[in-house]
Amino acid sequence: QIPKDPTQRWLRELSALSQQLQQVHPNVLAKILKQRTIYQNEEIVVIDKPYGLPVHGGPGIKNCIADVLPILAKMLENMKADPLHLCHRLDKETTGVMVLARSKEAAEKIRLLFKTRQVEKIYWAIVLGDPDPVEGIVEIPIVEKEVQSHQSHYKMTLAPNYRLRPEDGKVMKIRKNRNAESAVTRYRRLASASACSLLELQPITGVKHQIRVHLAYGLGCPILGDHKYSHWSKLAPQKLPELTLRRLKLEQSKARHLPLHLHAHRLRLPLGQPLDFVCKLPLFFQKTLRKLELDIPKD
């Protein structure tokens, strides 16, 4: 039963995004990933990762990329192919460029390139509000902390090296948090409208949830659909500005259906000659841009 009302249809599509790939047979999932293969050579396979698909398994997760790597390898090559290997990870809700390796040696080589920051990664995100300044670098260490609330849970958060002294507002250096990892994200605004902005992001480091935390807590511009990092202590859907709700034709009570709008748009891998991969925005992301009247810059 497909609703006639376009808003209801859009909502149905959004709420189905995460469930879809959890319900399919592993062979079907491998086939979907095969169709989404954008490049392959004797060392690597590059896929356009779909929304809502976790890279690793865990509680309540039926399907993940790691589990179907042996099937995908056979589909791409032949029945005797060795399983593919993971080289890096993307969050379950992040879409876009993902590199897999055909051998253990290739995987180790590529992991080292990521670790030594030789891989250039460019993401696009729709965020609430407008970053000030409109381009710059966020360089604030990140640490995982337990959130004490009616439902205790863990989140990544900022662990700054400096703070303002309450008496006179002077900048003070504070003791480094032993567990914090240094994190650096470059950002620039590509467009803004409807109380939202489209940002281009380049994470220089690769800390868990780095872009989400730097945008939400560092710049005060959480990613649209990031219900985890829009509040600190609450586990609640993101609160959206009136104008944004109006343009999306959504009520606040339905905001929980909005998916995370974070896309791994481009990746440059220095393997012999530099390889440059680009994945175009997923359909739901393109639709949101149109509804919010955010103009995509022409690449």
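The structure presented is a predicted model; accordingly, all values stated were derived computationally and were not measured.

S.K.: Quick question: what am I supposed to make of the overall build of the protein here?
M.R.: Secondary structure summary: the protein contains seven helices and 14 strands in total. Relative to the globule expectation of 19 Å for 299 residues, the C-alpha radius of gyration of the protein, 20 Å, shows essentially globular dimensions. For the protein, the spread of C-alpha atoms along the principal axes amounts to about 70 × 55 × 45 Å. When burial is assessed residue by residue, the protein has 47% of its 299 residues classed as buried. Within the protein, contacts between residues separated by at least 24 positions form 64% of all contacts whose residues are at least 6 apart in sequence. Computed over 48 positive and 30 negative side-chain charges, the inter-centroid distance for the protein is 4 Å.

S.K.: How do you make sense of the packing of aromatic side chains when you look at a structure like this?
M.R.: In this description, a pair of aromatic rings is defined by centroid distance and the angle of the planes. According to the stated counting rule, one finds five aromatic pairs in the structure shown. For the pair tyrosine 51 and phenylalanine 284, a centre-to-centre distance of 5.3 Å together with 75 degrees between the ring planes defines the contact as edge-to-face. With a gap of 233 residues between them, tyrosine 51 in the loop between strand E2 (44–49) and helix H3 (65–76) and phenylalanine 284 in helix H7 (residues 283–292) connect regions that are remote in the sequence. What makes tyrosine 51 buried here is its relative accessible area of 10%. Here the aromatic rings of phenylalanine 284 and phenylalanine 285 are separated by 6.4 Å at their centres, their planes lie at 50 degrees, and the arrangement is tilted. Accessibility classification places phenylalanine 284 together with phenylalanine 285 in one group, the buried group. An aromatic cluster is defined as three or more aromatic residues linked by ring pairs; in this entry it consists of Tyr51, Phe284 and Phe285.

S.K.: Got a minute to help me understand the packing of helix H1 (residues 6–23) against H7 in this structure?
M.R.: When two helices pack together, their arrangement is given by the angle between the helix axes and the distance between those axes. Put simply, H1 and H7 touch, their axes get as near as 12 Å, and they point 140 degrees apart. Regarding the angle of H1 to H7, the classification is oblique. Judged by the sense of rotation from one axis to the other, the crossing of H1 with H7 is left-handed. In contact with Trp10, Glu13, Leu14 and Leu17 of H1, H7 contributes Phe284, Lys287, Thr288 and Lys291. Classifying every residue of the contact of H1 with H7 gives four nonpolar, one polar and three charged.

S.K.: Explain the nonpolar core to me, please; I cannot follow it from the model alone.
M.R.: In summary, soluble globular proteins display a tendency toward joint burial of nonpolar side chains. The biggest cluster of nonpolar side chains holds 63 residues, and the ones touching the most others in it are Ile65, Ile126 and Leu201. With seven residues, the top contributor of residues to this core is strand E5 (residues 120–128). Each of two domains, domain 1 (1–119 + 270–286) and domain 2 (120–267), supplies a minimum of three residues to this core. In this structure isoleucine 65 touches Leu33, Ile47, Lys49, Leu53, Pro54, Val55, Leu86 and Met98, once residues within four positions along its chain are discounted. Judged by nonpolar contacts, the second largest core, of 18 residues, contains Val46, Cys87, Leu267 and Cys279.

S.K.: What's the story with the domain arrangement of the protein in this structure? I'm lost.
M.R.: Interfaces are often sized by the amount of accessible area the parts lose when they come together. Looking at the assigned domains, one finds that the protein contains domain 1 (1–119 + 270–286) and domain 2 (120–267). Computed over C-alpha atoms only, the centres of domain 1 and domain 2 are separated by 24 Å. Taken together, the contact between domain 1 and domain 2 spans 30 residues of the former and 27 residues of the latter. A combined buried area of about 2,400 Å² lies between domain 1 and domain 2, and 63% of that area is made up of carbon and sulfur atoms. Note that aspartate 276 and arginine 266 form a salt bridge whose closest N and O atoms lie 2.8 Å from each other. Linking domain 1 to domain 2 there are 11 residue pairs in polar contact (both at pLDDT 80 or more). It is H1 that provides the largest number of residues to the side of domain 1 that touches domain 2, a total of six residues. A per-class count over the side of domain 1 that touches domain 2 returns 18 nonpolar, seven polar and five charged.

S.K.: What's the story with helix H5 (residues 210–218) in this structure? I'm lost.
M.R.: Since one α-helical turn is 3.6 residues long, residues separated by three or four positions face the same way. With seven of nine residues buried, H5 lies mostly within the body of the structure. A positive phi of about 70 degrees marks glycine 220, the residue just after H5.

S.K.: Got a minute to help me understand the state of the cysteines in this structure?
M.R.: In a disulfide, the sulfur atoms of two cysteines are covalently bonded to one another. Inspection of every chain in the model, using the stated rule, returns zero disulfides. As a non-bridged cysteine, cysteine 196 has cysteine 221 as the owner of its nearest cysteine sulfur, 9.7 Å distant. Accessibility expressed as a relative area gives 2% for cysteine 196, which makes it buried.

S.K.: Please clarify how empty space enclosed by the protein should be interpreted in this entry.
M.R.: Any empty space left between atoms is shown by rolling a water-sized probe over those atoms. Counted by the stated rule, this structure contains one cavity of 30 Å³ or more. One number sums up the size of the largest cavity: a volume of about 30 Å³. His88, Leu90, Val97, Lys121, Tyr123, Ala264, Arg266 and Leu267 together form the lining of the largest cavity. Listed by contribution, the elements that provide at least two residues to the lining of the largest cavity are E5 and strand E13 (262–271).

What counts and how
- Throughout, a residue's number is its position along its own chain's written sequence, starting from 1.
- With pLDDT at 70 or above as the cut-off, local features in this predicted model cover only qualifying residues; side-chain atom pairs require 80 or more to be listed or tallied, and sums for whole chains, interfaces and linings still use all residues.
- Hydrogens and waters are ignored; side-chain quantities use all the structure's heavy atoms.
- Secondary structure elements follow DSSP: runs of H or I of four or more residues count as helices, runs of E of two or more count as strands, with numbering from the N terminus.
- In this treatment the radius of gyration is a C-alpha quantity, and the globule benchmark scales as 2.2 Å times the residue count to the 0.38 power.
- Whether a residue is buried, partly exposed or exposed follows from its accessible area with a 1.4 Å probe, protein chains only, as a fraction of its type maximum: under 20%, in between, or over 50%, in that order.
- The contact criterion used throughout is that any non-hydrogen atoms of two residues lie within 4.5 Å.
- Under the convention used here, Asp and Glu are negative, Lys and Arg are positive, and both His and the chain ends fall outside the count.
- For this purpose, a charge sits on NZ of Lys, CZ of Arg, CG of Asp or CD of Glu.
- Aromatic pairs are defined between Phe, Tyr and Trp rings, using the six-membered ring for Trp, whenever the two ring centres lie within 6.5 Å; interplanar angles under 30 degrees are classed as stacked, those over 60 as edge-to-face, and all others as tilted.
- All axes here are fitted lines through C-alpha atoms, helices being fitted over the stretch that makes contact, and every angle between N-to-C directions spans 0 to 180 degrees.
- For this classification, under 35 degrees means roughly parallel, over 145 means roughly antiparallel, 65 to 115 means roughly perpendicular, and everything else is oblique.
- Crossings are classed by handedness, with left-handed meaning an anticlockwise turn of the near helix from the far one by less than a right angle and right-handed meaning a clockwise turn.
- Each residue gets one label: Ala, Val, Leu, Ile, Met, Phe, Trp, Tyr, Cys and Pro are nonpolar, Asp, Glu, Lys and Arg are charged, and the others, such as Gly, are polar.
- We call a set of buried residues a nonpolar core when its members are Ala, Val, Leu, Ile, Met, Phe, Trp, Tyr or Cys and they connect through side-chain atoms within 4.5 Å of each other.
- Domains are outlined according to an automatic or database domain assignment.
- Summed over both partners, the accessible area lost on bringing two parts together, with a 1.4 Å probe, is the buried area.
- Definition used for salt bridges: Asp or Glu carboxyl oxygen within 4 Å of a side-chain nitrogen of Lys or Arg.
- Under this definition, polar contacts are N or O atom pairs within 3.5 Å; protein pairs additionally need one hydrogen-donor-capable and one acceptor-capable atom, and for neighbouring residues in sequence, both atoms have to be side-chain atoms.
- By definition, disulfides here are pairs of cysteine sulfur atoms that lie within 2.5 Å.
- Grid points spaced at 1 Å over the protein atoms alone were grouped into cavities, where a 1.4 Å probe fits but cannot get out, and pockets, open sets with protein on both sides within 12 Å along at least five of seven lines, with lining residues defined by an atom within 4 Å of a point.
- Grid points are joined across faces, edges and corners, and a volume is the space filled by probe spheres set on the points.

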